[in-house]
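Commentary on secondary and tertiary structure
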Amino acid sequence: MYQTTKNAVIALCTSLLLVILLSIPSSANAQVAFSVSPGLGLNSAFVGYQVNDRLLPFVSFQYASFGLSVSETGTDFNYDSNKVENYEYTGKLTGGILMPSIGAKYYLANQNKLKSYGSVAITKPIVVAKLENDGEIDKEFEESVKSLSLIGGELGFGVEYFFDSNFSIGGEFGLRLITGNYQETYDTEYFDPNTGDYVPSKTVISVNGRVTPTYTKFCLNFYFNRDKG
């Protein structure tokens, strides 16, 4: 009776996770440096350390939470009681995404107060989620979430304008890659008409996906104990 609504909840969960992942930007800056990237997506902040005039490795950690609730009421025939009865269904989805990242920024050229750079980052999204159906935790959904594996990355090019040795603004354009795979194995059986018996078997479901959108962002960069030049 409730399977259609339950499937809709799971489908909305998948769509919501994808939107969140595509909305998370990535950025960094210098020796010790702090950078923020405001925008239409999720805002971000990163810390890096400038090894030399060219190379700046960085680390970041982001978190996004989500929630969704669904209710359904109606009338249907109950085959257990052999009567037409009113029914009510409630579903609740809660969870979050952990986003640890590592990357590096490499300065390419200087011209007066302008600096151009290339950047690369790798992110390992970790999804935690719980689905409740009529107040009971869906164990099958929990196992499905555990079987989901995601990895992301970015490759970008940007320019910074330095107002002084401690502050700059910048813009960046790049390509974001998100890949994921899901695998589930469960026991089943099939009927063999030659023997008249049910034979045990295993079914394996594998799903692989990839999304590669472009991105743009505006950055505010703060530098500490940084020499001019």
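Residues numbered from 1 in each chain as written. Predicted model: local features only at pLDDT ≥ 70, side-chain atom pairs only at ≥ 80, totals over all residues. Heavy atoms only, no water.

With that settled, the discussion passes to the pattern of salt bridges. Tallied over the entire structure, the rule returns six salt bridges. Across the pair Lys130 and Glu132 runs a salt bridge, and its minimum N-O distance is 3.6 Å. For Glu132, a relative accessible area of 21% corresponds to the partly exposed category. Between Arg176 and Glu154 there is a salt bridge whose closest N-O contact spans 2.5 Å. One end of the pair, Arg176, is in strand S9 (residues 167-192); the other, Glu154, is in strand S8 (residues 148-164), with 22 residues separating them in the sequence. Under the relative-accessibility criterion, Glu154 is labelled buried at 8%. If you follow the salt bridges from partner to partner, you end up with Glu154, Glu172, Arg176 and Lys217 in one network. (Salt bridge = Lys/Arg side-chain N within 4 Å of Asp/Glu carboxyl O. Buried < 20%, exposed > 50% of the residue type's maximum accessible area, 1.4 Å probe, protein only. Helix = DSSP H or I, 4+ residues; strand = E, 2+ residues; numbered from the N terminus.)

The pairing of strand S5 (residues 114-123) with S8 spans ten bridges and is classified as antiparallel. For Leu114, the partnering residue across the bridge sits in S8 and is Tyr161. Connecting the antiparallel pair S8 and S9 is a turn made up of two residues. (Pairing = 2+ DSSP bridges.)

Right, let's talk about the pairing of S9 for a bit. Pairing between S8 and S9: 16 bridges, direction antiparallel. By the bridge assignment for S9, Glu154 is matched with Arg176. Sheet topology note: the S9/strand S10 (residues 197-211) ladder contains 15 bridges and is antiparallel. Note on S10: the bridge partner recorded for Asn181 is Asn208. Between S9 and the antiparallel strand that follows it, S10, lie four residues; Gly196 among them carries a positive phi value of about 75°.

Phe66, Leu93, Ile97, Met99, Val127, Ala129, Leu131, Phe141, Val145 and Leu150 together form the largest nonpolar core, which totals ten residues. For this core, the secondary-structure elements that each account for two or more residues are strand S4 (83-111), strand S6 (126-133) and helix H2 (139-146). (Core = buried A, V, L, I, M, F, W, Y, C linked by side-chain atoms within 4.5 Å.)

Across the protein, the average pLDDT comes to 77, with 78% of residues at 70 or higher. Per-residue pLDDT, averaged within each element of the protein, yields its smallest value for helix H1 (residues 3-23) (50) and its largest for S5 (91). Note on residues 22-31: pLDDT under 50 across the span, and 57 contacts to partners over four residues away in sequence or across chains. (pLDDT = per-residue confidence, 0-100. Contact = heavy atoms within 4.5 Å.)

What follows concerns the packing of aromatic side chains. This model, assessed by the stated rule, comprises six aromatic pairs. On the basis of an interplanar angle of 75° and a centroid distance of 4.9 Å, the ring pair of Phe77 and Tyr79 is categorised as edge-to-face. Taking the relative accessible area as the measure of exposure, Phe77 reaches 29% and is therefore partly exposed. Of the residues examined, Tyr79 reaches a relative accessible area of 71% and is grouped as exposed. Consider the rings of Phe167 and Phe222, whose centres lie 5.4 Å apart with planes at 45°: the pair is tilted. (Phe/Tyr/Trp six-rings, centres within 6.5 Å; stacked < 30°, edge-to-face > 60°.)

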